Amino acid sequence: MPEKRPQEEQLLKQPVQDDEMGEFEDAWEDEFEQEEVQDQEMEVEEEEEDNEMVYLPGQELEDGQVLVVDNSAYDMLHCMNCEWPCLSFDIFRDHLGTRSSYPMTNYMVAGSQADAADKNKLYIMKMSSMYKTKHDDDDDDEDSDDDNLDDDPILEFKEVAHKGGVNRVRVMPNQQMHITASMSENGQVYIYDLTQHVQAFDTPGLIPSRNTPVHTIKQHGKAEGYAIDWSTKQPGYLLTGDVQSKIFLTQKKESGFVTEQAPFQGHKSSVEDLQWSPSQGNVFASCSADKTIKIWDARQKKSSQLTVKAHDSDVNVISWSRNVDYLLASGAEDGQFSVWDLRNWSKDTAQPQTAASFKWHKKPISSIEWHPVETSVLAVAGADDQITLWDLALEHDNEEEKLPTNGTEGVQVPPQLLFIHQGQTNVKEVHWHPQIPGLLVSTSFDGFNIFKTINS
């Protein structure tokens, strides 16, 4: 199989040197002036194109060089902002089913980080009329179907007041009920039923009957947290973890949500992320600033079943593959991310070998997520303003002609690296859309990006 080359979003535009002085206008050459100007403009454009270079993170920009988006690397790319930065979001599973045609529609919820606690909100959003991005070099004569339009997308939103800044927000995986849990900086976890808020986008006259939480988890006290996950095997099962190393289980009963009083305890530092097993209803994983990942049986709170030292720094995020249930990915504070084969974990092995490990990112990994369909593909985001897409199935073929994996200035590009998306400041989360293959949404200090690359 031919090897895929990595795609990069950014191009370097070199300064164009103009060493010649302009000439005085000749009064007898007016009739040729317009034609000459057009020729000169075409020459300048050709010279600028000749001076465009692929940019790789780590390269130093020279004086006069600027980064510009290479639209040809995207099937679709849209950007948007909210009133306040939203450092966490999740995507609703909607009634539209699996789809790939344009224009696209996306429903999601995000939580704000306002400048005052009483100004915070949950934003429930519908993004529609998201057409395929028109490339700068598209010919006017090409097919002008609706799929190729580059009209402005439409954003509709509703707001729900939220006590305190939103550290993390997650949606229960259900197409009919849009139950959402949010972790507040005040230590409490709020569970909202946003079903009517989402339905109201497509139901004229529908006014949501409730804007307050249906349940509040108070067991964390004043200890804020960032770890939260809904089970896909046991509907209504919710795990939440805090900075004081405690993990609590909440279950949805007929009478409402009930949070157990006794926590899972075992980590020696802050619980950073949680992931339910995609195949076993009572099994979940946790990661911590104590550099470990633990595997738990939800029926036994006193101790975990397995503990491994996963990284040399805080383990910030984990993702359990929905397609290959023995693969777990983790991202660390030092910028490294690893993939683990859980079949090699045992009580006798405190530090097993990784299935794969990469140190491409230069700052902490803030988000990691397996592709919902492709078994070997995952997305990684970091505080170094990068979102990278990886295909772990790709390797160098020494029998074929060696591909140029070295960028200028000696930047080494791993063969598994498919794409580098840039343009956002301090990316906090990236998620694949569960119903639109290849579509990604990301959030950062300066807003959201919704994009689909040509190789995702």
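Here, every reference points to the structure presented above.
Below is a summary of the structure that appears in this document. (Residues numbered from 1 in each chain as written. Predicted model: local features only at pLDDT ≥ 70, side-chain atom pairs only at ≥ 80, totals over all residues. Heavy atoms only, no water.)

**Regarding the packing of aromatic side chains**
With the rule as written, the count across this model stands at 14 aromatic pairs. Ring geometry for Tyr 74 versus Phe 419: centroids 5.3 Å apart, planes at 75 degrees, classification edge-to-face. Here Tyr 74, found in strand 5 (residues 74-80), pairs with Phe 419, found in strand 30 (residues 417-421); they are 345 residues apart in sequence, far enough to count as distant. Here the two residues Tyr 74 and Phe 419 agree in accessibility, since each one is buried. In this structure an aromatic cluster arises from ring pairing among Tyr 237, Phe 264, Trp 276, Phe 284 and Trp 296. Directly above the aromatic system of Phe 257 lies the positively charged group of Lys 252, at a separation of 5.9 Å from the ring centroid. (Phe/Tyr/Trp six-rings, centres within 6.5 Å; stacked < 30°, edge-to-face > 60°. Helix = DSSP H or I, 4+ residues; strand = E, 2+ residues; numbered from the N terminus. Buried < 20%, exposed > 50% of the residue type's maximum accessible area, 1.4 Å probe, protein only. Lys NZ or Arg CZ within 6 Å of the ring centre and 35° of its normal.)

**Here we look at the pattern of salt bridges**
In total, this model carries 12 salt bridges according to the counting rule given. A salt bridge links Lys 121 to Glu 83; the shortest N-O distance between them is 2.8 Å. With a gap of 38 residues between them, Lys 121 in strand 8 (residues 121-130) and Glu 83 in the loop between strand 5 and strand 6 (86-91) connect regions that are remote in the sequence. Note that Arg 168 is salt-bridged to Glu 429, the shortest N-O span being 3.3 Å. One end of the pair, Arg 168, is in strand 10 (residues 166-171); the other, Glu 429, is in strand 31 (residues 427-432), with 261 residues separating them in the sequence. Like Glu 429, Arg 168 is buried. (Salt bridge = Lys/Arg side-chain N within 4 Å of Asp/Glu carboxyl O.)

**Looking at the environment of Lys 301**
Considering the arrangement of structural elements, one finds Lys 301 in the loop between strand 21 (292-297) and strand 22 (306-309). Taking the C-alpha atoms as reference points, Lys 301 and Gln 265, separated by 36 residues in sequence, lie 6.8 Å from one another. Contact partners of Lys 301, with chain neighbours within four places excluded, come to Glu 260, Ala 262, Pro 263, Phe 264, Gln 265 and Trp 296. (Contact = heavy atoms within 4.5 Å.)

**Some thoughts on the pairing of strand 16 (residues 246-253)**
Note: strand 15 (residues 238-241) against strand 16, 4 bridges, orientation antiparallel. When the bridges of strand 16 are listed, Thr 240 appears paired with Phe 248. Counting the residues in the hairpin turn of strand 15 and strand 16 gives 4 residues, including Ser 245, whose phi is positive at 70 degrees. As defined by bridge partners, strand 16 adjoins strand 18 (residues 264-265) across 2 bridges and the pair is classed as antiparallel. Bridge pairing in strand 18 places Ile 247 opposite Phe 264. (Pairing = 2+ DSSP bridges.)

**Observations concerning the sheet that holds strand 33 (residues 447-453)**
Read from one edge of the open sheet, 4 strands run 5-33-32-31, paired in antiparallel fashion. One side of each edge strand has no neighbouring strand; the edge strands of this open sheet are strand 5 and strand 31. Looking at each pair of strands side by side, their axes are set apart by 15 degrees on average, direction ignored. Direction of pairing for strand 32 (residues 440-444) relative to strand 33: antiparallel, over a ladder of 5 bridges. Bridging from a neighbouring strand, Ser 444 pairs with Gly 447 of strand 33. (Axes fitted to C-alpha atoms, helices over the stretch in contact; angles between N-to-C directions.)

Function cannot be read off these values alone, since they describe shape.
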